[in-house]
Amino acid sequence: MPRTRTISDETVFATVRRLMAEGGDKAVSFGSVARLTGLAPPTLVQRYGSRDGMVKAARLAAWDALEKRTGEAIARTADKGPQGLLKAIGPVDATALAADLRDPDLAQRAAGWQAGVETALALRLGSGQKARESAALLFAAWQGQALWSAAGEQAFRLKDAVKRLT
């Protein structure tokens, strides 16, 4: 009979994401995660198989959470414009998303999420090709703003971009 997990996968995944945010990919090891969670390194090996398996499981869980948050935001803001939708989705770790593009499975998740957000934006911008193109530009501006503001750059106001595109 397997033992009850006293420390959840969610706790491990949050620790992995924090380590990656603070020190990059090299900061994550079974030892560093074990120290911060209180789990023994062999327990982590047993759960995830490899360090890369643990990191990928953490990133997949992050995608699950982002897709859920996005779906809820789309439903909650059906009567709002594009800026209201992006604000409801909330902050997105653009640096982590960019890193995920190196993994084919995670890149596929990113592409699906992007398509869903762009579709929801296009519906708020009108119909036809112009709405789809404006939605793609707005998505790119939103993610670019997130990426550069994380680097400490002064970001433009998203609502100004929305006005220019509509």
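As the structure is a computational prediction, the values presented were derived from the model and not from experiment.

Participant: Explain the pattern of salt bridges to me, please; I cannot follow it from the model alone.
Facilitator: Working definition: two side chains of opposite charge can pair if their charged atoms are close together. In the structure shown here, the tally under the stated rule is ten salt bridges. E22 is the partner of R18 in a salt bridge, and the nearest nitrogen-oxygen pair spans 3.5 Å. With R18 and E22 both in helix 1 (residues 9-23) and four residues apart, the pair spans about one turn of that helix. The exposure class of R18 is partly exposed, given its relative accessible area of 42%.

Participant: Looking at this structure, how should I read the packing of helix 2 (residues 30-37) against helix 3 (residues 41-48)?
Facilitator: In a packed pair of helices, the relevant descriptors are the angle between the two axes and the axis-to-axis distance. Orientation of helix 2 relative to helix 3, taken along the N-to-C sense of each, is 110°, at an axis distance of 9 Å. In terms of their interaxial angle, helix 2 and helix 3 are classed as roughly perpendicular. The way helix 2 lies across helix 3 gives a crossing that is right-handed. Mapping the contact onto sequence places F30, V33 and A34 in helix 2 and P41, L44 and V45 in helix 3. When its residues are assigned to classes, the contact of helix 2 with helix 3 shows six nonpolar, no polar and no charged.

Participant: Please clarify how the packing of aromatic side chains should be interpreted in this entry.
Facilitator: Both the distance between ring centres and the angle between the ring planes are used here to describe each pair of aromatic rings. Applying the stated rule across the entire model yields five aromatic pairs. When the ring of W113 is compared with that of W142, the centres are 5.9 Å apart and the planes differ by 40°; the resulting orientation is tilted. Of this pair, W113 sits in helix 7 (residues 104-125) while W142 is found in helix 8 (residues 128-150), placing the two residues 29 residues apart along the sequence. The two residues W113 and W142 agree in class, both being buried. Each ring, one from F139 and one from W142, has its centre 5.8 Å from the other, and the planes form 70°; the classification is edge-to-face. Of the two residues, F139 and W142 both sit in helix 8, three residues apart, roughly one turn of that helix. Here F139 matches W142 in class, with each residue buried. Each residue in the set W63, W113, F139 and W142 is aromatic and connected to the rest through ring pairs, giving one cluster.

Participant: Honestly, helix 5 (residues 82-89) in this entry has me stumped. Any pointers?
Facilitator: Given 3.6 residues to a turn, an α-helix orients residues that are three or four positions apart in the same direction. Looking at helix 5, one finds that the buried residues are P82, L85, L86 and I89. Take helix 5 and look down its axis: the buried residues cluster within an arc of 95°, on one side only. The first or second residue beyond helix 5 is G90, which carries a positive phi of 85°.

Participant: Help me understand the nonpolar core in this model?
Facilitator: One recurring pattern in soluble globular proteins: nonpolar side chains tend to sit buried together. Residues L86, I89, W113, V117, L121 and W142 are the most contacted members of the largest nonpolar core, which totals 22 residues. Per element, the largest residue contribution to this core is seven residues, and it comes from helix 7. Sequence-distant contacts of W142, defined by excluding residues within four places in its chain, comprise L86, I89, G90, V92, W113, V117 and L158. Core analysis: the next-biggest nonpolar cluster, separate from the first, contains 15 residues, V33, L39, L44 and A58 among them.

Reading guide: rules and limits
Residues numbered from 1 in each chain as written. Predicted model: local features only at pLDDT ≥ 70, side-chain atom pairs only at ≥ 80, totals over all residues. Heavy atoms only, no water. Salt bridge = Lys/Arg side-chain N within 4 Å of Asp/Glu carboxyl O. Helix = DSSP H or I, 4+ residues; strand = E, 2+ residues; numbered from the N terminus. Buried < 20%, exposed > 50% of the residue type's maximum accessible area, 1.4 Å probe, protein only. Axes fitted to C-alpha atoms, helices over the stretch in contact; angles between N-to-C directions. Parallel < 35°, antiparallel > 145°, perpendicular 65-115°, else oblique. Left-handed = near helix turned anticlockwise from the far one by under 90°. Contact = heavy atoms within 4.5 Å. Nonpolar A, V, L, I, M, F, W, Y, C, P; charged D, E, K, R; others polar. Phe/Tyr/Trp six-rings, centres within 6.5 Å; stacked < 30°, edge-to-face > 60°. Arc of directions from axis to C-beta. Core = buried A, V, L, I, M, F, W, Y, C linked by side-chain atoms within 4.5 Å.

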